[in-house]
Every structure is written in C-alpha cells, then in structure tokens.
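Below, each chain spelled out in residue letters.
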Amino acid sequence: MMYNNGTYPVGIAMTSYGTNNYSYIDIYGGSKAANDPNVRIGKLDGLPAINGTSPTGWGIYTNNGFFSGTIVSSAGKIGGYTLSTYNLIGNNVGISSQSGYEFAFWAGSNTSSSAPFRVGHDGTLYCTQLSATGGTIGSFKITGEYLCSNPDKVGMSATNTNWAFYAGFDSST
C-alpha cells in the first residue's frame with residue numbers, strides 16, 4: 001500500500017480474512033483515512049454509515065455508483081424513498097401495486113388512506129381540499145364548495161342554496 005503525502009492510502013488491498021472474519025477488496029483513492037476505503041467489494045460490516053444507514057452484509061460500498069442495465073432489489077432506500085416489494089414510499093408521497101394498500105398512488109400524507117390526493121387501484125380519483133383557495137383541474141376552479149370554469153361560464157355547487165348547476169352566464173347569482 002502506498003500513501004499520498006504519507007497520510008492517506010492509495011491502492012488496492014485484498015484480504016482473505018479481515019477484522020470481521022470475511023474477505024473483501026478495498027480500493028483507496030488517497031483521500032480517506034486508512035480504515036475508510038473509497039470502494040469495498042465484499043463484506044460491508046464495519047464501514048462508515050451513509051445517510052444514517054450502516055452498511056451490512058455482502059455488497060458494494062462507494063460514494064457514487066453508475067450502473068448501466070438492470071438493478072434488482074426487493075428492499076432498501078434510494079434518494080430518500082423507501083423501497084419494498086411493490087412499493088416506493090417517500091416523504092408524503094407513495095406508489096404501490098400491492099393490494100394491501102388501499103390506493104395505487106397518493107400525495108400529501110405518509111399514509112395512503114389519509115392523503116388529500118390519491119388514486120385507487122381501479123383508477124378512481126380522490127382529492128380533498130388542502131387550502132382555503134382550493135385548486136384547479138384544467139381551467140376549472142375547485143374548492144370544497146364548488147367547481148366552475150374560469151371565467152365563471154359553467155359551474156356547480158354542492159352547498160350554495162341559490163344554485164346547484166349553471167351554464168352560459170358569467171355569475172352563479
């Protein structure tokens with residue numbers, strides 16, 4: 001093993017049995033302490049945590065990975081999302097093809113059943129109001145009380161006693 005300026009190791013180290021009694025190959029690039037390789041192939045136990053997760057088991061350890069082809073995984077984390085069989089769940093958003101989840105897609109909550117926006121496995125769309133100003137679907141304004149075009153040419157209301165549906169004029173009154 002060589003050392004960059006006498007401080008950081010540079011080179012490839014192969015062990016038949018390391019301190020954790022498993023073999024591995026370490027690659028040092030001259031920028032980390034002697035016990036922290038830039039890349040390890042083999043048993044990962046004992047290496048520094050990445051994003052709060054300590055590597056364990058057999059695998060590849062590196063700061064960056066570039067892959068061409070298929071990556072197969074039944075569980076893990078990727079970019080802040082938790083990956084499990086048939087599910088990809090992140091901060092207030094999720095996708096699931098698993099029948100145990102009520103909805104196939106949801107956003108606005110970590111729980112599929114309480115999310116303000118969700119799509120059922122059968123394609124049914126559910127949306128609840130997040131703010132007092134409501135939102136839009138295409139050029140239609142939507143709130144908890146009404147759905148109307150912009151400008152107000154066509155609309156309907158579930159709560160206004162003066163009208164339930166209108167069309168062809170600029171106001172609901």
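The structure reproduced in this document is the subject of the present report. Counting starts from 1 at the beginning of each chain's written sequence and moves along it residue by residue. In keeping with the predicted nature of the model, local features appear solely for residues at pLDDT of at least 70, side-chain atom pairs appear and are counted solely at 80 or more, and the whole-chain, interface and lining totals rest on all residues. Water and hydrogen atoms were dropped before computing side-chain values, which therefore reflect all heavy atoms in the structure.

Structural notes on the overall build of the protein chain
Where we set the bar: Working definition: helices are DSSP H or I runs of at least four residues, strands are E runs of at least two. Numbering for both runs from the N terminus. A 1.4 Å probe rolled over the protein chains alone gives each residue an accessible area, and that area as a share of the maximum for its type sets the label: buried under 20%, exposed over 50%, partly exposed in between. Computed by Shrake-Rupley with a 1.4 Å probe, the accessible areas treat only the displayed protein chains as cover when residues are assessed.
For the protein chain, the helix and strand inventory stands at zero helices and 17 strands. Within the protein chain, the fraction of its 173 residues that count as buried is 21%. Roughly 11800 Å² of accessible area belongs to the protein chain as shown, and the carbon and sulfur atoms make up 56% of that amount.

Points about the sheet that holds strand β7 (residues 81-84)
Condition: Whether two strands pair comes down to DSSP finding at least two bridges between them. Only C-alpha atoms enter the line fits that serve as axes; for helices the fit covers just the stretch in contact. Angles between N-to-C directions range over 0 to 180 degrees.
One open sheet holds the seven strands; their spatial order is β6-β7-β8-β9-β10-β11-β12, and the pairing between them is antiparallel. Looking at which strands have only one partner, the edges of the open sheet turn out to be β6 (75-78) and β12 (125-127). The sheet shows a mean angle of 15° between the axes of neighbouring strands, direction not considered. The pairing of strand β11 (residues 117-120) with β12 spans three bridges and is classified as antiparallel.

A look at the pattern of salt bridges
The line we're drawing: One side-chain nitrogen of Lys or Arg within 4 Å of one carboxyl oxygen of Asp or Glu is enough to make a salt bridge.
Overall, the coordinates contain one salt bridge when judged by the stated rule. The salt bridge involving D26 is made with R40; its shortest N-O contact spans 2.6 Å. Here D26, found in strand β3 (residues 24-29), pairs with R40, found in strand β4 (residues 39-43); they are 14 residues apart in sequence, far enough to count as distant. Taking relative accessible area as the criterion, D26 reaches 2% and is therefore assigned buried.

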